[in-house]
Amino acid sequence: MAITDWPQDQRPRERLIKQGAHMLSDAELLAVFLRIGVAGKSAVDLGRDMIGHFGSLQALFAATQLDFSSIRGLGPAKYAQLQAIMELARRVLSEELCDGITMSAPQAVKRYLQLLFHGKTHEAFVVLFLDIKNRLIASEQLARGTLSQASVYPREVLKAALMHNASAVILAHNHPSGEAEPSKADHYLTNKLQDALRLIDISVLDHIVVAGRHTFSFAEHGRL
């Protein structure tokens, strides 16, 4: 049965407007995004198929266009819409950080980094450059690959920090394996960069490891 044939108070879009998005299930939220289903399936049914196929929303949003389009009723247009939603979410969080909420709302930093690293199958090292009020000036990926192979060079981090006239930085990298606990190499790198940046009077506020839904904050665990 098409959603248009449902009682109005049960339709996902109407429920979202009346009760709020938080009241909808994952499949119902996807139905609002999809707008229509396919022959024999409502948009909610199609939403359930998407979650069942990929196993989670995280895997769905990280899917390649080829995998995404393997589900009947989905194609390049819907894939592009999904990626646009992800990018808008990143930009909203980036605006929050630019407004200077870095220290007052560290969860916003973590959410931003989770979106930034979302879908990456390789390890990457990112630095958030902050001004004297802890507002985000810029974020840059300064290395790609396994950090234990010394792919992060302090001189490059210092050069970028001076170029942005940063007063502080937040270091971040991802663990595609899904384990957020930092390695010995992560600790060594943190100490090395902290010592180097201290020479030019730039503070390292945190080093955050992102592993999918999980994060590890050096600052919160007293490791800075």
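This write-up is about the structure you can find in this document.

Calculation notes
- Residues numbered from 1 in each chain as written.
- Predicted model: local features only at pLDDT ≥ 70, side-chain atom pairs only at ≥ 80, totals over all residues.
- Heavy atoms only, no water.
- Helix = DSSP H or I, 4+ residues; strand = E, 2+ residues; numbered from the N terminus.
- Expected span 1.5 Å × (residues − 1).
- Buried < 20%, exposed > 50% of the residue type's maximum accessible area, 1.4 Å probe, protein only.
- Arc of directions from axis to C-beta.
- Contact = heavy atoms within 4.5 Å.
- Pairing = 2+ DSSP bridges.
- Axes fitted to C-alpha atoms, helices over the stretch in contact; angles between N-to-C directions.
- Left-handed = near helix turned anticlockwise from the far one by under 90°.
- Nonpolar A, V, L, I, M, F, W, Y, C, P; charged D, E, K, R; others polar.
- Salt bridge = Lys/Arg side-chain N within 4 Å of Asp/Glu carboxyl O.

1. Some points on helix H3 (residues 43-54)
With 12 residues, H3 extends 17 Å between its outermost C-alpha atoms, agreeing within 8% with the 16 Å of an ideal straight helix rising 1.5 Å per residue. Within H3, the full set of buried residues consists of Ala-43, Val-44, Leu-46, Gly-47, Met-50, Ile-51 and Phe-54. Seen along its axis, H3 keeps its buried residues to an arc of 160°; they face one direction. Of the surrounding secondary structure, the elements contacted by the buried residues of H3 are helix H1 (12-19), helix H2 (26-34), helix H4 (57-62) and helix H5 (65-68). Of the residues trailing H3, Gly-55 is marked for its positive phi of about 95°.

2. Digging into helix H7 (residues 106-117)
With 12 residues, H7 should cover 16 Å at 1.5 Å per step; its first-to-last C-alpha distance of 17 Å lies within 8% of that length. Along H7, the positions that sit buried rather than exposed are Ala-108, Val-109, Lys-110, Tyr-112, Leu-113, Leu-115 and Phe-117. One or two positions beyond H7, positive phi appears at Gly-119, with a value near 85°.

3. Comments concerning the pairing of strand E5 (residues 214-217)
Consecutive residues of a regular strand have side chains that alternate between opposite faces of the sheet. Inspection of the sheet shows strand E4 (residues 203-211) paired to E5 by four bridges, in the antiparallel sense. Residue pairing in the sheet places Ile-208 in a bridge with Ser-217 of E5.

4. Describing the pairing of strand E1 (residues 124-130)
In terms of burial, E1 is largely enclosed, as seven of its seven residues are buried. The two faces of E1 match: Ala-124, Val-126, Leu-128 and Leu-130 on one face and Phe-125, Val-127 and Phe-129 on the other face are all buried. Both E1 and strand E2 (residues 136-144) contribute to a ladder of seven bridges, which runs antiparallel. Bridging across to E2, Leu-128 finds its partner in Ser-139. Counting the residues in the hairpin turn of E1 and E2 gives five residues, including Asn-134, whose phi is positive at 65°. The pairing of E1 with strand E3 (residues 168-174) spans six bridges and is antiparallel. Within E3, the residue paired with Phe-129 across the bridge is Val-169.

5. Brief notes about the sheet that holds E5
Strand order in this open sheet of five strands is E2-E1-E3-E4-E5, and the pairing throughout is mixed. Unpaired on one side and paired on the other, E2 and E5 mark the two borders of the sheet. Pairs of neighbouring strands in the sheet enclose a mean axial angle of 20°, with direction left out of account.

6. Notes on unusual backbone geometry
Although it is not a glycine, Arg-35 sits at a positive phi angle of roughly 75°. Despite not being glycine, Asp-201 has its phi angle at roughly 65°, a positive value. Tracing the backbone through its elements, the reader meets Asp-201 in the loop between helix H9 (184-198) and E4.

7. A look at the packing of H2 against H3
Where H2 meets H3, the axes come as close as 7 Å, and the angle between the chain directions of the two elements is 115°. The interaxial crossing formed by H2 with H3 has right-handed handedness. Here Asp-26, Ala-27, Glu-28, Leu-30, Ala-31 and Leu-34 of H2 lie close against H3, whose contacting residues are Ala-43, Val-44, Leu-46, Gly-47, Arg-48, Met-50 and Ile-51. Split by residue class, the contact of H2 with H3 holds nine nonpolar, one polar and three charged.

8. A look at the pattern of salt bridges
Inspection of every chain in the model, using the stated rule, returns nine salt bridges. Of the charged contacts, one joins Asp-49 and Lys-41 as a salt bridge, the two residues approaching to 2.4 Å between their closest N and O atoms. On the basis of relative accessibility, which here comes to 29%, the residue Asp-49 falls in the partly exposed class. Here Glu-220 and Lys-110 are joined by a salt bridge, their closest N and O atoms 2.9 Å apart. Note that Glu-220 is positioned in the segment after E5 and Lys-110 in helix H7, a separation of 110 residues in sequence. Residue classification places Lys-110 among the buried positions, given a relative accessible area of 9%.

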